[in-house]
Amino acid sequence: MASSCDGCASAGNCPSQENGGCSEGPQSMLETLNEYSSIKKVIGVVSGKGGVGKSFVTASLASAMRKKGYTVGILDADITGPSIPKMYGLHGPAVGSEVGVCPIEAADGVKVMSVNLLMDDEEAPVIWRGPIIAGTVKQFWTDVVWGDLDYLFVDMPPGTGDVPLTVFQSIPVDGIVIVTSPQELVQLIVKKAYNMAAMMDIPVLGIIENYSYLVCPDCGKEIQVFGESHVDEAAAAMGLPVLGKMPLDPASAELADSGIFYKADNIYLEKAVELIAELS
């Protein structure tokens, strides 16, 4: 049987001929980072389903790393449901130049790029098909002038569909954090996200559980609003550490709604922050 490259080789068009033959291995699909940018580590924040606080965790990690003195950016890859700009009180339009588009800097110095910063009407729905959305995510990597960053956090849309696949294939992700909630059903969903990362050879740093409990403002008792947590069992089954368990926190939610989320101190993610700092 002829190899898949016999056609191009016979026509003299195979780029590998001069190296002694045609490699039939998988070719890299990584996109080239904007030439005016330098990013040391890329951390993806993923979830198997929506509504578990993935953007909340992304912003918490980014702000925590910024407070440690690192230069930090957030690439908001949740194109149809962007929330990062609102949390930081940012508004467009982002300014473009001959060398690319400049991200908008939050009050604490975190650089943000999101589709909401490019639209005339922030409340207009993004009704785009998959290829356009995937192309936009790639452009946030190739066309945005990030400058020198220690960490770029990628806030990905929920699920294991087209955009997470595009991120994993197009951007050199150094590791991901999976965000989940206490419901038992989530164990299955977490495993889907974990298995996708494994198939793409992306390291999974650990799991963060959101909505773990609510602290009663009167007596201080922890109330498990969404039922008993199963994150420890799920993490153990996959050989992953639990990097944090976050309660429902009305105060942090109010800071996010007010656009000053950078003022929040998320003490529940200290283990995750330490692990990410060790990657530098």
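A quick note: this is a predicted structure, and the numbers were derived from the prediction, not measured. (Residues numbered from 1 in each chain as written. Predicted model: local features only at pLDDT ≥ 70, side-chain atom pairs only at ≥ 80, totals over all residues. Heavy atoms only, no water.)

Colleague: Any chance you could break down the overall build of the protein for me, citing the residues and the numbers?
Modeller: Looking only at helices and strands, the protein features 9 helices and 12 strands. The buried share of the protein, taken over its 280 residues, is 48%. Taking all contacts inside the protein whose residues are at least 6 apart in sequence as the whole, residues at least 24 apart take part in 77%. Here the protein displays about 13,800 Å² of accessible surface, and carbon together with sulfur accounts for 52% of that area. (Helix = DSSP H or I, 4+ residues; strand = E, 2+ residues; numbered from the N terminus. Buried < 20%, exposed > 50% of the residue type's maximum accessible area, 1.4 Å probe, protein only. Contact = heavy atoms within 4.5 Å. Areas by Shrake-Rupley, 256 points an atom, 1.4 Å probe, with all protein chains shown as cover.)

Colleague: Please provide a residue-by-residue account of helix H7 (residues 231-238), values included.
Modeller: Taken as a whole, H7 has its buried residues at Val 231, Ala 234, Ala 235 and Met 238. For H7, the angular spread of buried residues about the axis comes to 95°, placing them on one side. In H7, the exposed positions angled more than 90 degrees off the buried face are occupied by Ala 236 and Ala 237. Trailing H7 by a residue or two, Gly 239 shows a phi angle of about 70°, which is positive. (Arc of directions from axis to C-beta.)

Colleague: Residues and numbers for a nonpolar patch on the surface, please.
Modeller: Together, Ile 223, Val 225 and Phe 226 make up a nonpolar patch on the protein surface, roughly 240 Å² of accessible area in all. Counting through the fold element by element, Val 225 comes out in the loop between strand S11 (222-223) and H7. (Patch = residues over 30% accessible without salt bridge, like charges linked within 9 Å, V, L, I, M, F, W, Y side chains within 5 Å. Salt bridge = Lys/Arg side-chain N within 4 Å of Asp/Glu carboxyl O.)

Colleague: Can you explain the confidence of the model for the protein? Please cite residues and give values.
Modeller: Scored by pLDDT, the protein has a mean of 88; 89% of the residues are at 70 or more. Counting interchain partners and residues more than four positions distant, the pLDDT-below-50 stretch residues 1-12 has 8 contacts. (pLDDT = per-residue confidence, 0-100.)

Colleague: Residue-level account of the nonpolar core, with values.
Modeller: A general trend in soluble globular proteins is that nonpolar side chains are found buried together. Counting 79 residues, the largest nonpolar core has Leu 61, Tyr 88, Trp 146, Phe 153, Val 167 and Ile 176 as the members making the most contacts within it. The greatest single-element share of this core, amounting to 6 residues, is contributed by helix H2 (residues 54-67). If we skip the residues at most four places from it in the chain, Tyr 88 touches Ala 59, Ala 62, Ser 63, Ile 74, Ala 106, Asp 108, Val 110, Gly 259 and Tyr 262. (Core = buried A, V, L, I, M, F, W, Y, C linked by side-chain atoms within 4.5 Å.)

Colleague: Talk me through the packing of H2 against helix H9 (residues 270-278); I want residue IDs and the actual numbers.
Modeller: Taken N-terminus to C-terminus, the directions of H2 and H9 make an angle of 60°; their axes are 10 Å apart at the nearest point. Helix-helix and strand crossings are classified by hand; for H2 and H9 the assignment is right-handed. Listed contacts from H9 to Leu 61, Ala 64 and Met 65 of H2 are Ala 272, Val 273, Ile 276 and Ala 277. Here the contact of H2 with H9 is built from residues that sort into 7 nonpolar, no polar and no charged. (Axes fitted to C-alpha atoms, helices over the stretch in contact; angles between N-to-C directions. Left-handed = near helix turned anticlockwise from the far one by under 90°. Nonpolar A, V, L, I, M, F, W, Y, C, P; charged D, E, K, R; others polar.)

Colleague: Mind laying out the sheet that holds strand S9 (residues 204-209), listing which residues take part and the relevant values?
Modeller: The 8 strands are arranged S5-S6-S2-S7-S1-S8-S9-S12 in an open sheet whose pairing can be described as mixed. Looking at which strands have only one partner, the edges of the open sheet turn out to be strand S5 (104-105) and strand S12 (242-245). Across 7 bridges, the pairing between strand S1 (residues 38-46) and strand S7 (residues 148-155) is parallel. In the sheet register, Val 42 faces S7, and the bridge partner there is Leu 152. Of the strands in this sheet, S1, strand S2 (72-76), strand S6 (111-113) and S7 are in contact with helix H4 (residues 130-142), which crosses S2 at around 160°. (Pairing = 2+ DSSP bridges.)

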